[in-house]
Structures are given as C-alpha cells and as structure tokens.
Amino acid sequence: MAMKDYVDAFTHRKPKWPLAGYAPGGYLGKCYACQVLMADVDKRAVHCFPCAVEQAQSVMEKQRAMVRELQEQIDKLKAVIQIVTPSCG
Ligand SMILES: [Zn+2]
C-alpha cells in the first residue's frame, strides 16, 4: 500500500462529540477536573480535552476490572453448578 493511501489518524474525520464531558464549541467554561478556564467548548462541556481523555481511560480501566471480576464469579458459579448437578453418565 502506498503512502498516499494512508490518512492522518488524528484528523482524517471529526469525532462524534461529546467524549467524557468534552465537546468543542463557541463557549467559555471551566474544567471540573483541573479547574482551568477553557475557551471554545460546548456550553455543556465540563472537562478540557486532556481531562476528558483521562476520564475515558479511567472509566474503561474500571470496566475492564469489573468484567474480569464478573468473569471470575461466572467461572466459580459454573464450577459449583457442575458439583451440584447430577451426572447423566
Ligand atoms: Zn482539565
């Protein structure tokens, strides 16, 4: 594949906002996380873009941990079910 077939991964299309409390726009606001005064944000924006990325990463990590925990519980329940279910053999 030639270089001309590649796009700039960061800019090739506009994201669908919002992301974790950030969206661009024409308003002024204050980031609830880092307290910076921010320009050019949506009127409902509560995070600057870097804080929004951190928030999204934090939420994803918590969800991954929760999924791992639930999978462990499922595995334990399956093992218990095998113990209490009468064998057909
Ligand atoms: Zn911030």
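Here the structure is shown first, and the text comes after it.
Below, the structure is looked at part by part.

Definitions and cut-offs
- Residues numbered from 1 in each chain as written.
- Predicted model: local features only at pLDDT ≥ 70, side-chain atom pairs only at ≥ 80, totals over all residues.
- Helix = DSSP H or I, 4+ residues; strand = E, 2+ residues; numbered from the N terminus.
- Rg over C-alpha atoms; globule rule 2.2 N^0.38 Å.
- Buried ≥ 20, exposed ≤ 12 C-beta atoms within 10 Å, placed from the backbone.
- Contact = placed C-beta atoms within 7 Å.
- Core = buried A, V, L, I, M, F, W, Y, C linked by C-beta atoms within 7 Å.
- Expected span 1.5 Å × (residues − 1).
- Pairing = 2+ DSSP bridges.

Looking only at helices and strands, one finds 1 helix and 2 strands in the protein chain. For the protein chain, the sequential pattern of α-helices and β-strands runs β-β-α. For 89 residues, the compact-globule estimate of 2.2 N^0.38 gives 12 Å, and the C-alpha radius of gyration of the protein chain, at 23 Å, exceeds that figure by more than 25%. Across its three principal directions, the C-alpha atoms of the protein chain cover 70 × 45 × 15 Å. In the protein chain, buried positions account for 12% of the 89 residues. Across the protein chain, the fraction of contacts at a sequence separation of at least 24, relative to all contacts at a separation of at least 6, is 31%.

Structurally, W17 is set in the segment before β1 (24-30). W17 gets classed as exposed once you count the C-beta atoms within 10 Å, which come to 12. Measuring from C-alpha to C-alpha, the distance between W17 and D42 comes to 9.6 Å, with 25 residues separating the pair along the chain. Here W17 is in contact with A23, P24 and D42, once residues within four sequence places are set aside.

Y22, A23, C31, V41, A45, C48, C51 and A52 together form the largest nonpolar core, which totals 8 residues. Excluding residues that lie within four positions of it along the chain, C51 makes contacts with C31, A33 and C34.

Next up on the list: helix α1 (residues 49-84). Here α1 contains 36 residues, and its C-alpha end-to-end distance of 52 Å stays within 8% of the 52 Å for a straight helix at 1.5 Å per residue. Little of α1 is tucked away, with 2 of its 36 residues classed as buried.

Attention now goes to unusual backbone geometry. For the peptide bond that leads from W17 to P18, omega is 5 degrees, which places it in the cis range. Tracing the sequence through the fold places P18 in the segment before β1. In this structure, A20 takes a positive phi of about 50 degrees despite not being glycine. You can see A20 is positioned in the segment before β1.

Here we take up the environment of Y27. Mapped onto the fold, Y27 is located in strand β1. When the 14 C-beta atoms within 10 Å are taken as the criterion, Y27 is described as partly exposed. Sequence separation of Y27 and C48 is 21 residues, and the distance between their C-alpha atoms is 12 Å. Residues contacting Y27, with those up to four places away along its chain left out, are V41, D42 and K43.

Before going further, it helps to spend a moment on the pairing of β1. Two faces make up the sheet, and in a regular strand the side chains alternate between them. One ladder, built from 4 bridges, connects β1 with strand β2 (residues 37-41); its direction is antiparallel. Residue pairing for β2: G29 is matched across the bridge by M38. Hairpin connection of β1 to β2: 6 residues between the antiparallel strands, including Q35 at a positive phi of 70 degrees.

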